[in-house]
Every structure is written in C-alpha cells, then in structure tokens.
Amino acid sequence: MALVIAQVIVDVSTAAIDRPFDYHVPAQLESFIHPGIRVHIPFGPRKVQGFVISTSDETELDEKKLKPIESVVDIEPVLTAEMLELGKWLKDDTLCFYNDTLQVMIPAALRANYTKLVKVENASVLSEPFQNLLSKDLEVDFASLEKQHLIQELKVHLDTGNATIETRIRQKAKPKLQTVYHVIDASIELSGQAKKQQQVVDWILETNSKSFTIVDIQKHVQVATPVLDALVEKKILKKSKQEVYREIELLADTSIDKVVTLTEAQKEVLETINRAQQNQKSETFLLHGITGSGKTEIYLHAIEEALALGKEAIMLVPEIALTPQMVTRFKMRFGNQVAVMHSGLSVGEKYDEWRKIHRREVRVVVGARSAIFAPFENVGLLILDEEHESSYKQEDSPRYHAREVAKWRAQFANCPVILGSATPSIESYARAKKGVYILLELPSRANAKALPPVDLIDMREQLKGGNRSMFSMELIDAIRDRLAKKEQIVLFLNKRGFSSFVLCRDCGTTVQCPNCDISLTYHRMGEALRCHYCGYEELVPTQCPHCESEHIRFFGTGTQKVEEEITKLFPEARTLRMDVDTTRTKGAHERILHHFGQRQADILLGTQMIAKGLDFPEVTLVGVLNADTSLHLADFRAAEKTFQLITQVSGRAGRHEKKGHVIVQTYDPEHYALVNAQTHDYLGFYTQEMQMRKAYQYPPFYYLTHIQISHPEVITTADYAGKTAEWLRENLSQSTAVIGPTASAISRIQERYRYQCMIKYKREPNLTTALHQLLKLSRTQWEKQGVRISIDLHPSTI
Ligand code: ADP
Ligand code: ZN
Ligand code: ZN
C-alpha cells in the first residue's frame, strides 16, 4: 500500500514555520484524514495541533524520518476546501501567517485548548526540572507538566510571585446534552403500587410515543426522574443523551415583520439582483438607498430567491446594528433556516450556531464581521448591510476586511454580492461610478414619508447669548414640546474622536496641521499637539490662534454628565442611557431598546450604538449634541464619518405616521459634511469630499499602508521606526511617499511604545514583496531585541 502523507499547517505562528509540514498518516487514521481536519502532531519537543490542508502519496523528505500524526481532533473536517483556499489568499492579502487565517475561520470554542504560556520572571528560584524546561523555550506544554507532577510546584512559585501563568486555554464549549427516554416495550405489566409509573405507561400507550424528554411528559403527567429511572430499570424505557442547541433569547416585538408589496423602484432593483443570481454572475452591486427606503426588504427578497435556487445566503450587519429588531425580522421570514452570529452570544451559543451551519441545518446566516466565514458550500448570495462601517475591518491579525472576503467568496461561488448603505463609503461609490460595481439606487422612503427636516444650531451663538449648557435653547424647547405631547426623543452624543482634539469654544477653531489638513491630536504627555500624518508637533496653545480667546481646550463630555443635565433641565423626563457602561452585561442592549420600545422612557440617550437600525414609531425628535467631535478625528476619513453618522442618526426620526425633526448642534455649521447631511445630499457630499481627497492625495486616488513599530523602550522604538522608514525609502520606488516615523495616536499600549510609518502610493507593484522582506527582516533580527512590527495594508482608521 502506498504511503499516505498529510501536509499540515501547525498551530504555531512564527515566520520560520509559516509553511506546511509533511506528516505520516498511520493506517488506523487514514479514513479520518481529509483536508480541513485538525490533528494532534509532535512538533519539535512539543505536541501541538495542526490543520491538514492536503494529502498525497509522496514526500520530498526522507520517508523514514517523517513523524506520524498522533490523533485527530475532529471526526470530520472543520474547514471546507473553499476555506483552505480562502486562507491562502487572505494570508497574502493581509500579510499574516496561514495558521492565523485558518484559526479565524473556526469558532472560538474550537480554537486550540492545549497550551498555556508559562512566563517566568526569575527562573533561578525555580527547581531544576523547571529551569531545564524553561531555559530552552518559555512556552511549555502544560499537559506534560501536569503529567510530570510539576504543577503543584509551579503553583507554589506562582504564589510567591516568581512566575506568572498566562492562561491561553479557552474553555471548550461542550455541546449541551439532554436526557431522552426511548420506549422499548410499554406492554410489560407493572405491580399495583407503581401508580406513577402506570400513569407514564398509560400516557405512552395513549400518545403512542416512541421517545420523549422529561419536559415533554411533565406537561401531562406529574413525574420526577426517579419514576422514569424505575421504568428504565424495568426495561420499559431506555435512556440516552441527545444534543440540544442553546436557545438564543429574543426580546423583540414580532409585529415587526409585515408582508409588503414592493414598490416599483424596489422591484426593479430586486430583478437586477435576481437576474445575477439566476445567471450565476459574481457581480458586486452597490445598493445606495436612503434610510427607510426598503433596502432590508430587498435583502429579504433576494435571500428568498437564493433559497429558491437551492443556495445559501450570508448577510452581514455591523455589530451594533444587529438589533433584536433586525434578527426578529429574519427569524420571522426564514424561521429555523437562520443562524445568528454576533459578539453578544456566549462562546457556547456561537458554537451551536456554527454547528447548525456546519451540519447544513440552516441556509441563512445573519451575523457580524466574522460570519463572513460561515462554512456553507453552496453560497448563492452575500450581503453587507451598512457597507461603509469600519467595524467590517478586523484591527488585529489577520487584518481582513469582510467586504474583500465577501467579494472573494462571490468569485469562488459565482454569485453576486450586495453592498448596501444610505451613505456608501467614498471608495465604494467611486468604484460604482467607475463601473467596477453596479450602482442600484432607492432614492425615496418605501412608505413615501419625507426625510425629516434637519436644523443646524450654531453653538458659538449660544455661547454669545450666555448659554453655557451643552443644550441649545432650540433643543431645550423641542424636548419640552415632545415631552408635553408624550412623544419620544433620541439624543445622540458623538463619542468618536472623543477628547482627542483642542477646540476653541468661541470661534469653533480646531488646531490643524499646516501640512496635512488633519486635526492635530492632543497628547497628554508633554501637553503637545501632533500630526499623525507628517509628525508635525506644537505645544497646546493657551490662546486661540484665530480669535485669541482663552476658551480653548480639549473637548469632550460623557454620557453620564449629559444625563445629569437632562435631569436638571427636565426633572419629569424618564431617560434611558445606552453606552458602554450600561450595556456591559449580556442582553442589556436588548433590554434597553425593549424598554424604550415599550415606551417605558421618554428619552433614549446614547452613543454610536443608537445611530443604527432602530425603528421606533413614537420617536419624533432626534438631537445630536456635538456633531463636531468626529469632524476632528485625526483621520482623513473624518468628514466622511461625520456625514455618515449625522445622516444615520437623522434617519431615526419620523419614520412612521408622525412627522420627525432633527436638531444638530455644532461649532462649525458651514462644514460641507454637515451642510450636506442637513439637505440629505449624499452626492453633494461625495463630490466635495472627492475634491479634497484628490487635492490632499488620499484614497481612492492614492493608497495608504500603515506600519507600526513597538517596543517597551521609547528610544528603541524610535530607533527602529527610523530604521523601518529608511529601509522603506531604499526599497520602494521613488514615486512612493514614506511618511514618518511619528509617534502613534496612542503612544503607549500595554507597556509598549508605538511609532508608525505610512506609505502613500499610486502604483507600487513591488509593495507586497517588499513588505514581506521587511517582515522577515524584523522577525529574524529585530524581534530578538523585542521589537515588533505590524503592517496594515488597508487601514480603515489611522
Ligand atoms: P432600510 O433597510 O432601507 O432602512 P427597510 O427595509 O427597513 O429600509 O424599510 C423601512 C420600513 O419600510 C420598514 O418598516 C419596512 O417594513 C417598510 N417597507 C419596506 N418596503 C416597503 C414597501 N414596499 N411597502 C410598504 N412598506 C415597506
Ligand atoms: Zn477662537
Ligand atoms: Zn501633518
């Protein structure tokens, strides 16, 4: 018989190991070893897990030296053939290890649970066996320590503070089991005393049950486990354990889903999408429709088509927009066919939802970013709602963007992608204009209700009029009016870019970089203002450079403070606050929205979390307390993000019978992001923003790549950041700009200083090759000094 060899990606992420290793497949494991299955393998002195990516009958190595696979982790593959391909592409596209891309595609519950990192601060105090173990490699196999009875000793040292254990073990979420009773023979005679048992048998005979759970029978007969166990003893019943899924609690109102007749505009859009589905075309549609135009309705119909064609569908929604309302709408339409995935679920719940997909028990997935990896094998449609959201980009390795993964999967599966938004990202809209995407538009609300009027309130005028409160007189009056009418109010506090910039309260000036048209970022250390794009630096001014006012300071207010002020101004109002603090516990988000929907409060006060997806008929006033914070983010997308936020929040008002009104408070009412948001003019904003992007050479006209260098010592960090910049300047073409190094926005995280370089280029064919070399250089040489480099090829925020 031919030798069976498996190519395995080991679960160790370092540069030296980023390739498949050949292992021998023992005969008894042959039937299990398929691409996509995980295995236990020896690797050097350690035992690790790995993914089998392929099998073959030959190896370039000496066959006799091959080590055997020890055992399998799974009974069937956890990754599909598509996922293995996708992982390969993703590793190159995001410059990370193959192992990292494979790990990100499986649920947390399945991620390796066999190693613990043992970090010893003072090894000399440990006894010899430990020193031997630890001197080689600070990562040791915990299980083997356990076997060698060394754990006890380590614990002692833990207590004395000489060693710390960093737990890397994740509790494996065990499938939830329930006891099921199977009827073997109910005709057996029972003795006279066994009255309860007789009742059970009668019930079985009457209902002709073949199997049941204790909950099933308790609905009819008052019994406890011992009675059933007695019947098991008598061989009337047989007991077994059966897996059940954890039920996800839904608090939303089920009246949300109503059957509608599509408008002509909706029909046209849907037909175009459905034609692509039927013809198996991997086109990308950009669905630009104002809030309430019926985009979600299009998604639902398009998914129906996918199912009718015998295919599966993946629908992504940004985490904060994955409201119970949204989920309910999908559950009502597709029932048990839907799996839901978001970060609010426990590890176990996520695992259950994943298994429903893996076992083909569902055909639709609604989820946040990582749901793009749903292991379907027959995908017919991919949807990203709110495609402009930066949360679709993962900020740590692998730094993937769900939009790019969706497009890859669509290519693979020959099916369309829908990118939907009321405020498409500038890049996507530019692509649609160029014809790379197909633009579909829904310019009016489905129920023909007009968009609400938006008033911009100039806060500088308020200050002049002696109003130092964070509420303008106009907003106070409007709130009072709605309270009297018993209508509901949503107040939005913009926390984006919070406290990071300096603003003059008298004239609205923020301090800008003279070279970059980007707000300077406030650094507490040294009271300095810095530009993250070019490194320009100055001291925090004590006087406004524009109007000489002394009311210039860094800007910011917390939701709690606003809540206090609301209580002072409107003692009769009932307020619900939604921010990171009030939504920390599981289900809190849902509860707050549910209470508000039940009209248990008059005012909903919140941050970004409330900007999306909410649909409450009684909300007739939306107030934006500080529109400007996000305008002054140290980010070339600041205007875009502000326009998106204001447009989205405005969309929350007057969606139904009652007319809505939006009040936006700002220090900069002439800013084009606000002016265009006021008139609901996406195209107007797009045109102006594109001019800015072109003038200052930002995407989509130029590309940016972000490189971060970190080290515990500031001098070393700066030193290697300089080396990095120098290396880049030598190895990239003349036309490519290398900007920096500069200190990062957050200059120190987890005791590591951070510097960054930026690469700006129009065409740089050599880029990935060069960056791979840079990574190799840093991993083979700089890492010994403790220097770490991370590269983001497509940064979403800077
Ligand atoms: P979007 O996703 O663009 O914000 P939705 O699909 O959520 O829009 O639709 C907004 C509201 O209009 C929802 O309450 C929805 O039920 C309703 N709606 C959508 N399409 C129609 C239609 N053709 N006729 C009547 N109501 C509709
Ligand atoms: Zn000023
Ligand atoms: Zn600058």
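Here the structure is a predicted model, which is why all the values come from computation and not from measurement.

Draft legend 1. Structural view of the overall build of the protein chain. For the protein chain, the count of helices and strands is 23 helices and 33 strands. Split into buried and exposed, the 798 residues of the protein chain put 42% on the buried side. A separation threshold of at least 6 residues defines the contact pool for the protein chain, and within that pool the share at least 24 residues apart is 73%.

Draft legend 2. Highlighting the site of ligand 1. With respect to spatial proximity, 16 residues lie near ligand 1, and among them Val-260, Gly-294, Lys-295, Thr-296 and Ala-446 are the closest. With three residues, the top contributor of residues to the shell around ligand 1 is helix 10 (residues 295-308). Here the shell around ligand 1 is built from residues that sort into three nonpolar, ten polar and three charged.

Draft legend 3. Broad picture of the sheet that holds strand 10 (residues 211-212). Ordered by their spatial adjacency, three strands build an open sheet running 10-9-11, and the pairing between neighbours is antiparallel. Only two strands of the sheet have a single partner each, and these edge strands are strand 10 and strand 11 (237-244). When strand 9 (residues 176-183) meets strand 11, the two strands line up antiparallel, connected through eight bridges. Following the sheet pairing, Lys-176 is matched in strand 11 by Val-244. On top of the sheet, helix 8 (residues 225-233) reaches strand 9 and strand 11; it is set at about 120 degrees to strand 11, its chief contact.

Draft legend 4. Region of interest: the environment of Ala-770. For Ala-770, the position within the fold is in helix 23 (residues 767-780). A C-alpha to C-alpha distance of 30 Å links Ala-770 and Cys-513, two positions 257 residues apart in sequence. For Ala-770, the contacting residues outside a window of four places in its chain are Asn-731 and Leu-732.

Draft legend 5. Main features of the sheet that holds strand 3 (residues 38-43). Pairing within the open sheet is antiparallel, and its five strands lie in the order 2-1-4-3-5. Two strands in the sheet have a free side with no partner beyond their single neighbour: strand 2 (21-24) and strand 5 (71-72).

Draft legend 6. Representation of the nonpolar core in the model. Ile-314, Met-315, Leu-316 and Val-365 are the most contacted members of the largest nonpolar core, which has 142 residues in total. With residues near it in sequence (within four places) discarded, Ile-314 still touches Val-365, Ala-371, Ile-372, Ala-374, Phe-376, Val-379 and Leu-382.

Draft legend 7. Region of interest: helix 14 (residues 426-434). Those residues of helix 14 that fall on the buried side of the exposure criterion are Ile-426, Ser-428, Tyr-429 and Ala-432. Along helix 14, the residues classed as buried sweep out an arc of 165 degrees about the axis, all on the same side. For helix 14, the elements touching its buried residues are strand 12 (284-289), strand 17 (417-421), strand 18 (438-442), helix 19 (638-650) and helix 21 (682-695). Just downstream of helix 14, Gly-435 is the residue with a positive phi angle, here 90 degrees.

Draft legend 8. Expanded view of the packing of helix 6 (residues 195-207) against helix 8. Running from N to C, helix 6 and helix 8 point in directions that differ by 75 degrees, and their axes come no closer than 10 Å. Relative to helix 8, helix 6 is oriented roughly perpendicular. On helix 8, the residues touching Lys-196, Gln-197 and Val-200 of helix 6 are Val-227, Leu-228, Ala-230 and Leu-231. Grouping the constituent residues of the contact of helix 6 with helix 8 by class yields five nonpolar, one polar and one charged.

Draft legend 9. Highlighting the environment of Gln-49. Among the structural elements, Gln-49 can be located in strand 4 (residues 46-56). Taking the number of C-beta atoms within 10 Å as the measure of exposure, Gln-49 has 23 and is therefore buried. In the structure, Gln-49 is positioned 627 residues away from Asn-676 in sequence and 54 Å away in space, judged by C-alpha atoms.

Draft legend 10. Region of the structure containing unusual backbone geometry. Residues Ser-397 and Pro-398 are joined by a peptide bond in cis, for which omega reads -5 degrees. Here Pro-398 shows up in the loop between strand 16 (379-385) and helix 13 (402-413). Residue Pro-741 is reached from Gly-740 by a cis peptide bond, and omega for that bond is 10 degrees. Note that Pro-741 resides in strand 31 (residues 737-749). With phi around 50 degrees, Gln-280 is a residue other than glycine that occupies positive phi space.

Draft legend 11. Up close: the packing of helix 9 (residues 264-278) against helix 10. Close contact between helix 9 and helix 10 brings their axes to 10 Å; oriented N to C, the two are set at 30 degrees. In this structure, helix 9 crosses over helix 10, and the sense of that crossing is right-handed. Seen from helix 9, the contacting residues are Gln-266, Val-269, Leu-270, Ile-273, Asn-274 and Gln-277; seen from helix 10, they are Glu-297, Ile-298, His-301, Ala-302, Glu-305 and Ala-306. Among the residues forming the contact of helix 9 with helix 10, the class breakdown is six nonpolar, four polar and two charged.

Reading the values: the criteria
Residues numbered from 1 in each chain as written. Chains lettered and ligands numbered in written order. Predicted model: local features only at pLDDT ≥ 70, side-chain atom pairs only at ≥ 80, totals over all residues. Helix = DSSP H or I, 4+ residues; strand = E, 2+ residues; numbered from the N terminus. Buried ≥ 20, exposed ≤ 12 C-beta atoms within 10 Å, placed from the backbone. Contact = placed C-beta atoms within 7 Å. Near = placed C-beta within 6 Å. Nonpolar A, V, L, I, M, F, W, Y, C, P; charged D, E, K, R; others polar. Pairing = 2+ DSSP bridges. Axes fitted to C-alpha atoms, helices over the stretch in contact; angles between N-to-C directions. Core = buried A, V, L, I, M, F, W, Y, C linked by C-beta atoms within 7 Å. Arc of directions from axis to C-beta. Parallel < 35°, antiparallel > 145°, perpendicular 65-115°, else oblique. Left-handed = near helix turned anticlockwise from the far one by under 90°.

Purely spatial values, then, with no claim about function.
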